[in-house]
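Notes for the structure review
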Amino acid sequence: AGDGSGPVGSAAEDGGPPAPERVLFPPTFSVSEIKNKQRRHFMFLRWKQQQRKEKLAAKKKRRKEREALGDKAPPKAIPKTIENQRVYDETTVDPNDEEVAFDEATDEFAPYFNRQTVPKILITTSDRPRGRTVRFCEQLSTVIPNSHVYYRRGLALKRIIPQCIARDFTDLIVINEDRKIPNGLLLCHLPEGPTAHFRMSSVRLRKEIKRKGKEPTEHVPEVILNNFTTRLGHSVGRMFASLFPHDPQFIGRQVATFHNQRDYIFFRFHRYIFKSEKKVGIQELGPRFTLKLRSLQKGTFDSKFGEYEWFHKRREMDTSRRKFHL
């Protein structure tokens, strides 16, 4: 109102902004009704501040009530998230399922988990890689033990794969790039597949990570796989596990983590820092990147006649935010 007595609050006599203690917001208050842009922005900040105070006061009240009740306090409510509201997937893996156990004993990764083979990885790039992709491959080779970096010189993957098999390589990793930035990862398990293609994003080299640790050592790291719950996710997790030797060397205190959240696979490489007998910290070593599965193909790489176990179709599969495939 022009006299400053409207529902928004009373204005000072000199025409300045209203005093904080005199600002009252009725239940029907709407900031969008204020025509003046500066006053609307000012009142919006006031409204947000009041909302935060009310939320903090309610939180303190609930905490005091729980302290007063002690052991009789009701359990805390679990907040609703997209993860715990996930649509049930019928392919979710049961660890005690006999069919799953039989598949694990007879699939392409069984020789690795039975310790019959030792991982030997070949890391290569797309044709004519730029400096960032080259540095990423070199740093990735320090994370994965017994890995070797070779740069392609116009060779097709169909010619590279037989050479890898002849030289006893167990896996082939191809890093693709677009506009000088790594944007794809092809993981091919040898000699019989499968082959997984991932979209890569959020690549950070070691020098781009804040508060990073010293260079990683040559110790075999521990591998952590989180939230690979479906049959498809189980296969992808076993592919990642087969890149690292089966027996980690805990003296080195290094750990490689593949964390699946909403079908995005976040990779982190850390070192444990033991501050005391009870306190343990972690120090990131790098590099870090994020993967999104695009396809899983049977056998080795074949772009024309390959048989796909799973292929991501955005318009058909991404109809619900609560539907995940890994």
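As shown above, the structure is provided for reference.
This structure is a prediction, so every number in the text was calculated from the model and none was measured.

Across soluble globular proteins, nonpolar side chains show a tendency to be buried alongside one another. One finds Ile173, Phe198, Phe240 and Ile265 to be the most contacted residues of the largest nonpolar core, which totals 37 residues. The next biggest cluster of nonpolar side chains, apart from the first, holds eleven residues, and it includes Leu122, Leu157, Phe169 and Val174.

Among the secondary structure elements, Pro194 is positioned in the loop between β4 (181-189) and β5 (195-204). Using a relative accessible area of 5% as the deciding quantity, one classes Pro194 as buried. In the structure, Pro194 is positioned 45 residues away from Met239 in sequence and 8.6 Å away in space, judged by C-alpha atoms. Excluding anything up to four places from it in sequence, Pro194 contacts Glu108, Phe109, Leu187, Cys188, His189, Met239, Leu296, Gln297, Gly299 and Glu309.

Moving on, we get to the pairing of strand β6 (residues 222-226). Pairing geometry for β6 and strand β7 (residues 254-261), over five bridges, is parallel. Bridge assignment links Leu225 to a residue of β7, and that residue is Phe258. For the handedness criterion, the β-α-β arrangement of β6, helix α6 (residues 231-241) and β7 is classed as left-handed.

Another point: the packing of aromatic side chains. Overall, the coordinates contain ten aromatic pairs when judged by the stated rule. Pairing Phe240 with Phe258 gives two aromatic rings, centres 4.4 Å apart and planes at 10°, and the pair type is stacked. With a gap of 18 residues between them, Phe240 in helix α6 and Phe258 in strand β7 connect regions that are remote in the sequence. The burial state of Phe240 is the same as that of Phe258; both residues are buried. Here Tyr308 and Phe311 contribute two aromatic rings whose centre-to-centre distance is 5.6 Å and whose plane-to-plane angle is 80°, an arrangement assigned as edge-to-face. Assessed through its relative accessible area of 43%, Phe311 is described here as partly exposed. The side chain of Lys120 reaches across the aromatic face of Phe169, ending 4.7 Å from its centre.

It is worth spelling out empty space enclosed by the protein at this point. Throughout the structure, instances matching the rule amount to one cavity of 30 Å³ or more. Of the pockets and cavities examined, the largest cavity occupies roughly 110 Å³. Considering the residues around the largest cavity, the lining is formed by 13 residues, among which Leu140, Ile144, Leu243, Phe258 and Phe289 are closest to the centre. Broken down by secondary-structure element, the contributors of at least two residues to the lining of the largest cavity are α4 (131-143), β4 and β10 (288-297). Among the residues forming the lining of the largest cavity, the class breakdown is 13 nonpolar, no polar and no charged.

Taken together, the side chains of Lys48, Arg52, Lys55, Lys59, Lys60, Arg62, Arg63, Lys64, Arg66 and Lys76 define a basic patch exposed on the protein surface. Looking at the element boundaries, Arg62 is found in helix α1 (residues 37-69).

A few words on unusual backbone geometry. For the bond running from Gly193 to Pro194, omega is 5°, close enough to zero to count as cis. In the segment running from Gly286 into Pro287, the intervening peptide bond is cis, with an omega of 0°. With respect to the secondary-structure elements, Pro287 resides in the loop between β9 (280-284) and β10. The backbone of Arg211 sits at a positive phi, close to 55°, despite the residue not being glycine.

As paired elements, β7 and strand β8 (residues 264-274) share eight bridges and run antiparallel to each other. Bridging across to β8, His259 finds its partner in Phe266. Between β7 and β8, which pair antiparallel one after the other, the connecting turn spans two residues, and Arg262 there sits at a positive phi close to 55°. Bridge count for β8 against β10 is four bridges, and the pairing is antiparallel. Across the sheet, residue Tyr264 finds its bridge partner in β10, namely Lys292. What sits between the antiparallel neighbours β8 and β9 is a turn of five residues.

Scanning the entire structure with this criterion turns up eleven salt bridges. Its salt-bridge partner being Glu83, residue Arg262 comes within 2.7 Å of it at the nearest N-O pair. Here Arg262 is found in the loop between β7 and β8, whereas its partner Glu83 is found in the loop between α1 and α2 (98-106), with 179 residues between them in sequence. Given the relative accessible area of 31%, Glu83 is considered partly exposed. Residues Lys323 and Asp89 are paired through a salt bridge, measuring 3.8 Å at the closest nitrogen-oxygen approach. Placement of the pair is Lys323 in the segment after α7 (314-317) and Asp89 in the loop between α1 and α2, with a sequence separation of 234 residues. Asp89 sits in the buried class, given a relative accessible area of 6%.

So, how was this worked out
Residues numbered from 1 in each chain as written. Predicted model: local features only at pLDDT ≥ 70, side-chain atom pairs only at ≥ 80, totals over all residues. Heavy atoms only, no water. Core = buried A, V, L, I, M, F, W, Y, C linked by side-chain atoms within 4.5 Å. Buried < 20%, exposed > 50% of the residue type's maximum accessible area, 1.4 Å probe, protein only. Helix = DSSP H or I, 4+ residues; strand = E, 2+ residues; numbered from the N terminus. Contact = heavy atoms within 4.5 Å. Pairing = 2+ DSSP bridges. Right-handed = clockwise from strand over helix to strand, strands pointing away. Phe/Tyr/Trp six-rings, centres within 6.5 Å; stacked < 30°, edge-to-face > 60°. Lys NZ or Arg CZ within 6 Å of the ring centre and 35° of its normal. 1 Å grid on protein atoms, 1.4 Å probe; cavity = no way out; pocket = protein on both sides within 12 Å on 5 of 7 lines; lining within 4 Å. Points joined across faces, edges and corners; volume = space filled by probe spheres on them. Nonpolar A, V, L, I, M, F, W, Y, C, P; charged D, E, K, R; others polar. Patch = residues over 30% accessible without salt bridge, like charges linked within 9 Å, V, L, I, M, F, W, Y side chains within 5 Å. Areas by Shrake-Rupley, 256 points an atom, 1.4 Å probe, with all protein chains shown as cover. Salt bridge = Lys/Arg side-chain N within 4 Å of Asp/Glu carboxyl O. Lys, Arg positive; Asp, Glu negative; His and termini not counted. Charge placed at Lys NZ, Arg CZ, Asp CG, Glu CD.

Such coordinate-based values are descriptive only and should not be taken to indicate function.
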